[in-house]
Amino acid sequence: MSLVINNLHVKIKENNREVLKGVNLNIPDGEIHAIMGPNGTGKSTLVQTLMGSNKYQITDGEIIFNGTKLNNLAVDERARLGLFLGMQYPTEITGVKNSDFIKAAMEATHPNHHLTVLQFLQRFEHCMNFLDIDHHYADRYLNEGFSGGEKKRNEILQMMMLKPRLAMLDEIDSGLDIDALKVVSNGINHMRAKDFSALIITHYDRILHYVTPDVVHVMMDGRVVTSGGPDLASKLEKEGYAKLRDQLGLKIKLVDDE
Amino acid sequence: MKTDLNQIDQKYQYGFKDKIKPVYTTGAGLNENVVRKISAEKHEPQWMLAIRLRAFHIYQRMPMPNFGPDLSHLNLNKIHYFQRDSDHVSRSWDDVPDTIKNTFQKIGVPQAERKYLAGAEAQYESEAVYTNLKSDLKKMGIIFMDTDSALKKHPDLVKQYFGKLVGAATNKFTALNTAVWSGGTFIYVPKGVHATVPLQSFFRINAGNTGQFERTLIIVDEGASINYVEGCTAPTYSEDSLHAAVVEVFVKKDAFCRYTTIQNWSHNVYSLETKRAVADAHARMEWIDGNLGSKITMKYPSVDLNGPYASGSMLSIAFAKHGVYQDTGAIMRHHAPYTSSNVISKSICKDGGVCNYRGKEKIEPNSKHSKSHVECDTIIMDDQSTTDTIPANIVRNGDSTMEHEARVSKISENDLYYLMSRGLSEKQATKMIIMGFIEPFSKQLPMEYAVELNKLIDLQM
């Protein structure tokens with residue numbers, strides 16, 4: 001069981017710009033993968049497309065998750081198959097209590113696994129303690145007025161509560177101080193299991209000091225250009241993306257190139 | 001939050017009709033004789049008949065409202081202006097006819113009813129059939145009964161306050177109500193008494209073409225407080241029916257009154273109500289008003305802030321689906337210094353429904369250092385629906401502040417995406433966003449009402 005992406009081409013609907021230009025990726029069950037890459041290279045587009053965001057359109061290729069083709073499935077259908085996207089910019093929804101929302105999401109993603117209110121609260125409390133989240137966040141409105149770090153913790157809290165099969169974490173480390181980074185990393189490590197896999201999108205190798213990936217992929221200009229073990233991340237951190245590009249002999253302009 | 005799909009698919013759940021034969025009816029249409037008959041049937045004092053007759057003549061010459069929704073399809077000659085179901089007001093629940101109990105069961109009233117059995121009063125048809133004054137309310141000296149009974153038992157109190165805030169000539173429908181009123185709730189809270197539990201009443205129209213003209217009169221004496229809650233649901237009919245209620249609330253010095261209403265009229269009901277409150281010095285009046293159904297609703301509850309430091313607030317939601325026109329708002333009149341008012345109006349329109357906010361805030365020259373704040377929030381769910389905000393803000397002195405905010409939005413794609421990425425269907429996600437939008441309203445409701453509101457919104461989605 002795994003996620004298989006074959007020759008995925010994706011464009012942004014709004015301006016017809018092709019962002020993914022033939023992505024191939026394979027994430028077997030039980031593994032944690034990281035995707036690194038310079039800005040504007042399609043990393044977020046990839047996970048948004050996997051989740052089913054309607055801002056993007058698949059023009060070619062296919063996404064197979066545990067044997068099911070995802071290409072034409074709605075966002076909620078994918079979530080119910082076990083996909084989870086920890087968002088880079090989680091939205092704030094006023095009037096909806098965090099705990100009510102998470103309970104509804106658990107019921108939606110695990111329809112056959114009924115939790116009593118007490119069981120739910122116990123698990124919720126356990127996860128909040130684990131992530132060092134103040135308990136009054138249960139009663140606060142979904143992400144409303146949360147700081148950047150609080151929002152990220154809340155994404156990890158949802159992941160721990162929903163127990164997805166595949167968690168995609170889009171720059172979950174951005175805006176986190178070192179303590180929060182450790183807490184978030186603990187949450188991810190805690191999820192490690194035979195039937196769980198993760199895809200961590202990041203710019204820096206910082207989070208990968210705490211969460212050791214099984215595979216590191218590098219994306220440039222809409223493709224996965226190379227893959228390797230955890231040391232690929234530290235190598236990149238030392239040498240930079242431009243050097244790797246030149247070593248690979250790629251003719252790609254990086255967004256931040258002057 | 002759980003969504004029961006079966007429930008959503010059901011047709012208007014409350015659209016049923018009990019088989020009850022009125023014991024007495026004046027038949028369709030209105031003339032002076034009908035007014036006399038109503039008064040005679042109730043054995044009213046002469047002065048009430050005089051009020052009715054005077055109002056009837058005002059009604060005859062008053063024009064229909066010249067603003068807002070089109071009322072030309074309302075056929076006032078087809079309305080039954082009075083009918084009686086049971087010939088006495090039941091004292092105990094056991095005496096309430098089974099068919100009526102069944103009705104309350106169908107609309108899910110029993111939970112609330114059982115809980116507040118002793119203190120609740122339910123209006124059925126044009127009159128209260130069930131009144132049971134909780135004994136501790138009685139001990140506190142609180143009078144809580146239907147207005148017809150109050151007229152018999154406390155004629156002096158009724159005479160002192162009836163029509164003093166909402167005169168017959170206020171508009172055509174207040175004139176009509178004054179001429180043919182029946183039922184409604186009467187509450188008197190003596191000085192310094194705090195009603196510890198909310199007083200509740202359920203209203204409902206039954207029998208096609210029955211006009212419902214209840215007359216509610218609430219007097220909260222100095223330093224006293226009360227929380228009054230009423231809920232309405234009505235069955236669906238092919239012919240139009242009219243609900244033209246008048247509510248008068250007197251909040252004396254240092255007193256507090258909260259008046260909560262949830263209405264879910266079926267989609268052939270014209271709900272044309274006039275609600276007015278007066279708050280004396282340091283008093284506070286709160287309207288909480290939810291309008292979920294009807295064909296046309298015109299309702300602009302008001303507070304006259306008559307004494308220094310008086311405050312008034314309105315917290316409302318309106319939901320308009322196809323064929324529904326909600327023209328609602330609030331009126332705050334500042335007649336004294338240091339008064340404050342706050343209006344929060346939330347509305348949702350869908351499938352071609354219309355939601356308007358029509359309000360007025362007036363700060364008079366003598367109301368220095370007063371504050372008024374109005375916030376109108378609307379969610380338009382599709383391109384067929386419409387909304388308008390029609391405020392009239394008048395400030396007649398330089399030491400007061402007035403703020404008006406209006407926002408119209410659609411359900412955010414980002415919000416939907418986020419919720420759906422956690423497995424909620426589009427319908428569930430939409431409902432969750434809507435429930436969040438009206439949360440400031442629903443969190444003010446007693447538990448049973450919040451649950452009922454949740455179900456009603458579910459049905460509307």
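Here, the structure is the one placed above.
Computed from a predicted structure; not experimentally measured.

### What to know about the sheet that holds strand 2 (residues 18-28) of chain A
Residue and element names in this part refer to chain A.
Part 1 of the reasoning: Ordered by their spatial adjacency, 4 strands build an open sheet running 2-1-4-5, and the pairing between neighbours is antiparallel. Single-partner strands in this sheet number two, and they are strand 2 and strand 5 (68-69).
Part 2 of the reasoning: In the sheet, strand 1 (residues 2-12) pairs with strand 4 (residues 56-65) via 8 bridges, with the strands oriented antiparallel. Directly across from isoleucine 5, in strand 4, lies its bridge partner isoleucine 63.
Part 3 of the reasoning: Relative to the sheet, helix 1 (residues 43-51) contacts strand 1, strand 2 and strand 4, its axis offset from that of strand 1 by approximately 110°.

### Comments concerning helix 9 (residues 172-180) of chain B
Residue and element names in this part refer to chain B.
Part 1 of the reasoning: Counting buried positions along helix 9 yields 9 of 9 residues, so the element is predominantly enclosed.
Part 2 of the reasoning: Among the residues making up helix 9, those that are buried are Lys172, Phe173, Thr174, Ala175, Leu176, Asn177, Thr178, Ala179 and Val180.
Part 3 of the reasoning: Residues of helix 9 that are buried make contact with helix 2 (32-41), helix 3 (46-61), strand 8 (215-220), strand 10 (241-243), strand 11 (246-251) and strand 13 (269-279).
Part 4 of the reasoning: Its side-chain oxygen placed 2.8 Å from the backbone nitrogen of phenylalanine 173, asparagine 171 serves as the N-cap of helix 9.

### Considering the packing of aromatic side chains
Residues and elements named next belong to chain B.
Part 1 of the reasoning: Counted under the stated rule, the structure contains 12 aromatic pairs over all chains.
Part 2 of the reasoning: Relative to tryptophan 181, the ring of phenylalanine 162 has its centre 5.6 Å away and its plane inclined at 45°; by these criteria the two rings are tilted. Taken together, the residues phenylalanine 162 in the loop between helix 8 (155-161) and helix 9 and tryptophan 181 in the loop between helix 9 and strand 6 (185-189) connect sequence positions 19 residues apart.
Part 3 of the reasoning: Judged by its relative accessible area of 0%, tryptophan 181 is buried.
Part 4 of the reasoning: Ring centres of tyrosine 259 and tryptophan 287 lie 5.2 Å apart, and the angle between their planes is 55°; this geometry places the pair in the tilted category. Residue tyrosine 259 is located in strand 12 (residues 256-264), and its partner tryptophan 287 is located in strand 14 (residues 284-291); the two are separated by 28 residues in the primary sequence. Comparing tyrosine 259 with tryptophan 287 shows no difference in burial state: the two are buried.
Part 5 of the reasoning: Here the aromatic cluster, defined as three or more aromatic residues joined through ring pairs, consists of Phe144, Tyr228, Tyr259 and Trp287.
Part 6 of the reasoning: The positively charged end of arginine 215 is found above the aromatic ring belonging to phenylalanine 162, 4.2 Å away from the centroid.
Part 7 of the reasoning: Arginine 422 extends its terminal NZ or CZ atom over the ring of tyrosine 418, reaching a point 4.8 Å from the ring centre.

### Focus: unusual backbone geometry
Negative phi is the rule for most residues except glycine; trans is the rule for most peptide bonds.
Part 1 of the reasoning: Even without being glycine, aspartate 221 of chain A reaches a positive phi, approximately 45°.
Part 2 of the reasoning: Along the chain, the position of aspartate 221 of chain A falls in the loop between strand 11 (215-220) and strand 12 (223-228).
Part 3 of the reasoning: Given the relative accessible area of 29%, aspartate 221 of chain A is considered partly exposed.
Part 4 of the reasoning: We note that histidine 282 of chain B has phi near 60°; this positive angle belongs to a residue other than glycine.
Part 5 of the reasoning: Structurally, histidine 282 of chain B can be placed in the loop between strand 13 and strand 14.

### Topic: the sheet that holds strand 10 (residues 197-202) of chain A
The strands that make up a sheet are held in pairs by hydrogen bonds between backbone atoms, and each pair lies either parallel or antiparallel.
All names here are of chain A.
Part 1 of the reasoning: Read from one edge to the other, the open sheet built from 6 strands follows the order 6-9-10-3-11-12, with strand pairing classed as mixed. Both edges of this open sheet fall to strand 6 (83-86) and strand 12, since each of them pairs with a single strand only. Here the average twist between neighbouring strands, direction ignored, is 20°.

### A word on the interface of chain B and chain A
Part 1 of the reasoning: Counting residues at the interface gives 20 residues for chain B and 35 residues for chain A.
Part 2 of the reasoning: Taking both sides of the interface into account, the surface hidden between chain B and chain A amounts to around 2,100 Å²; carbon and sulfur atoms contribute 60%.
Part 3 of the reasoning: Three residues, Tyr417, Tyr418 and Arg422 of chain B, lead the burial of chain B against chain A; their summed loss comes to 39% of the area buried on that side.
Part 4 of the reasoning: At the junction of chain B and chain A, the tally comes to 1 salt bridge.
Part 5 of the reasoning: For glutamate 155 of chain A, the salt bridge is made with arginine 422 of chain B, and the minimal N-O distance between the two is 2.6 Å.
Part 6 of the reasoning: Counting the contacts that link chain B with chain A gives 12 residue pairs in polar contact (both at pLDDT 80 or more).
Part 7 of the reasoning: Of all elements in the fold, only helix 10 (413-420) and helix 11 (426-437) of chain B reach the threshold of two or more residues within the side of chain B that touches chain A.
Part 8 of the reasoning: With 7 residues, the single largest contributor to the side of chain B that touches chain A is helix 10 of chain B.
Part 9 of the reasoning: Classifying every residue of the side of chain B that touches chain A gives 9 nonpolar, 5 polar and 6 charged.

### Digging into the pattern of salt bridges
Part 1 of the reasoning: In total, this model carries 31 salt bridges over all chains according to the counting rule given.
Part 2 of the reasoning: Close ionic contact of arginine 192 of chain A with aspartate 214 of chain A constitutes a salt bridge, the shortest N to O distance being 3.3 Å. On the criterion of sequence distance, the pair formed by arginine 192 of chain A in the loop between helix 6 (178-191) and strand 10 and aspartate 214 of chain A in the loop between strand 10 and strand 11 is long-range, its members being 22 residues apart.
Part 3 of the reasoning: Between lysine 410 of chain B and aspartate 383 of chain B there is a salt bridge, with its nearest N and O atoms 2.8 Å apart. Of this pair, lysine 410 of chain B sits in the loop between strand 24 (401-409) and helix 10 while aspartate 383 of chain B sits in the loop between strand 22 (371-380) and strand 23 (386-395); the two residues are 27 residues apart in sequence, bridging distant segments of the chain. The same class applies to lysine 410 of chain B as to aspartate 383 of chain B, namely exposed.
Part 4 of the reasoning: The network of salt bridges with common partners includes Lys346, Glu375, Asp377, Glu405 and Arg407 of chain B.

### Remarks on the state of the cysteines
Part 1 of the reasoning: Overall, the coordinates contain 0 disulfides over all chains when judged by the stated rule.
Part 2 of the reasoning: Cysteine 349 of chain B forms no disulfide, and the closest cysteine sulfur to it belongs to cysteine 355 of chain B, at a distance of 4.4 Å.

### Side note on the nonpolar core
Part 1 of the reasoning: Residues Leu46 and Ile188 of chain A together with Leu419 of chain B are the most contacted members of the largest nonpolar core, which totals 114 residues.
Part 2 of the reasoning: Ranked by size, the runner-up nonpolar core spans 34 residues in total, among them Ile187, Ala195, Leu305 and Met314 of chain B.

### Overview of helix 8 (residues 241-248) of chain A
Residue and element names in this part refer to chain A.
Part 1 of the reasoning: Within helix 8, burial applies to Tyr241, Leu244 and Arg245. All buried residues of helix 8 lie within an arc of 100° about the axis, which places them on one face of the element.
Part 2 of the reasoning: On its buried face, helix 8 sits against strand 3 (32-36), strand 10, strand 11, strand 12 and helix 7 (230-239).
Part 3 of the reasoning: Positive phi appears at glycine 249, one or two residues downstream of helix 8, with a value of about 70°.

### What about the environment of glutamine 326 of chain B?
Residues and elements named next belong to chain B.
Part 1 of the reasoning: Mapped onto the elements, glutamine 326 comes out in strand 18 (residues 325-328).
Part 2 of the reasoning: Overall, the relative accessible area of 1% leaves glutamine 326 in the buried class.
Part 3 of the reasoning: In this structure, the C-alpha to C-alpha distance between glutamine 326 and lysine 299, residues 27 residues apart in sequence, is 8.5 Å.
Part 4 of the reasoning: One polar contact links the side chain of glutamine 326 to the main-chain carbonyl oxygen of glycine 293, over a distance of 3.0 Å.

### Some thoughts on the packing of helix 3 (residues 98-109) of chain A against helix 5 (residues 148-162) of chain A
All names here are of chain A.
Part 1 of the reasoning: Axis separation between helix 3 and helix 5 bottoms out at 10 Å; the angle between their running directions is 35°. At the point where helix 3 passes helix 5, the crossing takes the right-handed sense. Seen from helix 3, the contacting residues are Asn98, Phe101, Ile102, Ala105, Met106 and Thr109; seen from helix 5, they are Asn154, Leu157, Gln158, Met161 and Leu162.
Part 2 of the reasoning: The residue inventory of the contact of helix 3 with helix 5, partitioned by class, reads 7 nonpolar, 4 polar and no charged.

Definitions and cut-offs
- Residues numbered from 1 in each chain as written.
- Chains lettered and ligands numbered in written order.
- Predicted model: local features only at pLDDT ≥ 70, side-chain atom pairs only at ≥ 80, totals over all residues.
- Heavy atoms only, no water.
- Pairing = 2+ DSSP bridges.
- Helix = DSSP H or I, 4+ residues; strand = E, 2+ residues; numbered from the N terminus.
- Contact = heavy atoms within 4.5 Å.
- Axes fitted to C-alpha atoms, helices over the stretch in contact; angles between N-to-C directions.
- Buried < 20%, exposed > 50% of the residue type's maximum accessible area, 1.4 Å probe, protein only.
- Polar contact = N/O pair within 3.5 Å; in protein donor to acceptor, adjacent residues only side chain to side chain.
- Phe/Tyr/Trp six-rings, centres within 6.5 Å; stacked < 30°, edge-to-face > 60°.
- Lys NZ or Arg CZ within 6 Å of the ring centre and 35° of its normal.
- Buried area = accessible area lost by both parts, 1.4 Å probe.
- Salt bridge = Lys/Arg side-chain N within 4 Å of Asp/Glu carboxyl O.
- Nonpolar A, V, L, I, M, F, W, Y, C, P; charged D, E, K, R; others polar.
- Disulfide = S-S within 2.5 Å.
- Core = buried A, V, L, I, M, F, W, Y, C linked by side-chain atoms within 4.5 Å.
- Arc of directions from axis to C-beta.
- Left-handed = near helix turned anticlockwise from the far one by under 90°.

By themselves these figures say nothing about function.
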